[in-house]
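# Architecture at a glance
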Amino acid sequence: MCRTIAELDAAVADCFACPRLVAWREHAARHKRAAYRDQPYWGRAVPGFGPADAHMLIVGLAPAAHGGNRTGRMFTGDRSGDVLFAALHAVGLANQPTATGRDDGLHLTGVRITAPVHCAPPDNKPTPAERDQCSHWLTTEMRLLTPTVRSVVVLGAFGWQALLGVVAREGRVVPRPRPKFGHGVRVDLPATQTDRAPLHLFGCYHVSQQNTFTGRLTPAMLETVLGEAAATAGIATYRSSAP
Ligand code: SF4
């Protein structure tokens, strides 16, 4: 049982539970992309990133084979991360707009980033069995963040389904039928009897190139959702404090 976020992060990085994903993450680490051939690859499960007392959580899908699986940090070193961290910086939740490696000096303010699947999957598509196998890590992360976390931005339908399952199993009252994922959808889950505060969920299109290159998700759309979720969680950002 992990008692702290630091223990959780260490345990995640040591997980070998999914044979297909372990094989794929290690295959990608051996068969490097040409641009990174001189770099060591992480090649392991990628833990969440951000403060242990975060008020806001961002839930993605899974690390990219040559992004997080290379750098060892969520969304770091790939095009999706370029968009996400630029937006986090624009609304005042990150100290810099870029993320290139674990020693790049990036700090997040009040927000943590994680995923329902912690290993890079082939074609960015984990199986339902792999999602279920990995869900206990997200359950633990939510439990450890419970004292502080008040809002969750979920990037895409896969993370939305995974998170709703986790919070329902943890005792949150989730509406039936379960709310559908959509960009701009907001779901307010009431506090539970165990003295927890309400939890506010925000749907946002994933920052994948499929969405950002086509204009389905623009920087302004992303910044709006991040800013609303931060304000709801009580994080003072540049945007929420702007006149
Ligand atoms: S996907 Fe999750 S459960 Fe599977 S090996 Fe990676 S960290 Fe472990």
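As a reminder, the structure under discussion sits directly above these lines.
Throughout what follows, the structure given in this document is the object of discussion. (Residues numbered from 1 in each chain as written. Predicted model: local features only at pLDDT ≥ 70, side-chain atom pairs only at ≥ 80, totals over all residues. Heavy atoms only, no water.)

## A look at the site of the ligand
Applied cut-off: Here a residue counts as near a molecule or strand whenever at least one of its heavy atoms sits within 4 Å of it. Helix numbers and strand numbers start at the N terminus; a helix is a DSSP run of H or I with at least 4 residues, a strand a run of E with at least 2. Residues were grouped as follows: Ala, Val, Leu, Ile, Met, Phe, Trp, Tyr, Cys and Pro as nonpolar; Asp, Glu, Lys and Arg as charged; and all remaining residues, including Gly, as polar.
Looking at the ligand, the residues that line it are Cys15, Ala17, Cys18, Leu21, Ala45, Val117, His118, Cys119, Gln133, Cys134 and Trp137. With three residues, the top contributor of residues to the shell around the ligand is helix 5 (residues 128–145). Residues that form the shell around the ligand fall into these classes: nine nonpolar, two polar and no charged.

## A short note on the nonpolar core
As a reminder, the rule being used: Here, the term nonpolar core denotes a set of buried Ala, Val, Leu, Ile, Met, Phe, Trp, Tyr and Cys residues that are joined through side-chain atoms within 4.5 Å. Each residue's exposure class comes from its accessible area (1.4 Å probe, protein chains only) as a fraction of the maximum for that residue type: buried when under 20%, exposed when over 50%, partly exposed otherwise. Every residue pair with non-hydrogen atoms within 4.5 Å of one another is taken to be in contact.
Formed by 34 residues in total, the largest nonpolar core has its most connected members in Met56, Ile58, Leu88, Leu108, Ile113, Val153 and Leu226. Elements that contribute at least two residues to this core include exactly strand 1 (56–59), helix 4 (79–90), strand 2 (111–114), strand 3 (151–155), strand 5 (199–204) and helix 8 (219–233). Tallying contributions element by element places helix 8 first for this core, with six residues. When neighbours within four sequence positions are excluded, valine 153 is seen to be in contact with Met56, Leu57, Ile58, Val59, Phe202, Cys204, Val225, Leu226 and Ala229. Counting residues in each nonpolar core, the second largest holds 33 residues, with Leu8, Cys18, Cys119 and Val149 among its members.

## Quick notes on unusual backbone geometry
Glycine aside, residues mostly have negative phi angles, and peptide bonds mostly take the trans form. A cis amide bond, omega -5 degrees, links arginine 176 with the succeeding residue proline 177. Mapped onto the elements, proline 177 comes out in the loop between helix 6 (157–169) and strand 4 (186–189). Although it is not a glycine, phenylalanine 75 adopts a positive phi angle of roughly 60 degrees. One can find phenylalanine 75 in the loop between helix 3 (68–71) and helix 4. Residue phenylalanine 75 is classed as buried on the basis of its relative accessible area, which comes to 9%. The phi dihedral of asparagine 124 falls on the positive side, at around 60 degrees, and the residue is not glycine. Within the element layout of this structure, asparagine 124 appears in the loop between strand 2 and helix 5.

## Comments concerning the pattern of salt bridges
Under the convention used in this document: The term salt bridge refers to a pairing of a side-chain nitrogen on Lys or Arg with a carboxyl oxygen on Asp or Glu at a separation within 4 Å.
Summed over all chains, the structure comprises seven salt bridges. With a closest N to O distance of 2.7 Å, arginine 112 and aspartate 9 form a salt bridge. Here arginine 112 is found in strand 2, whereas its partner aspartate 9 is found in helix 1 (residues 5–13), with 103 residues between them in sequence. Exposure class is identical for arginine 112 and aspartate 9. Each is buried. Overlapping salt bridges bring together Asp9, Arg112 and Glu141 as one network.

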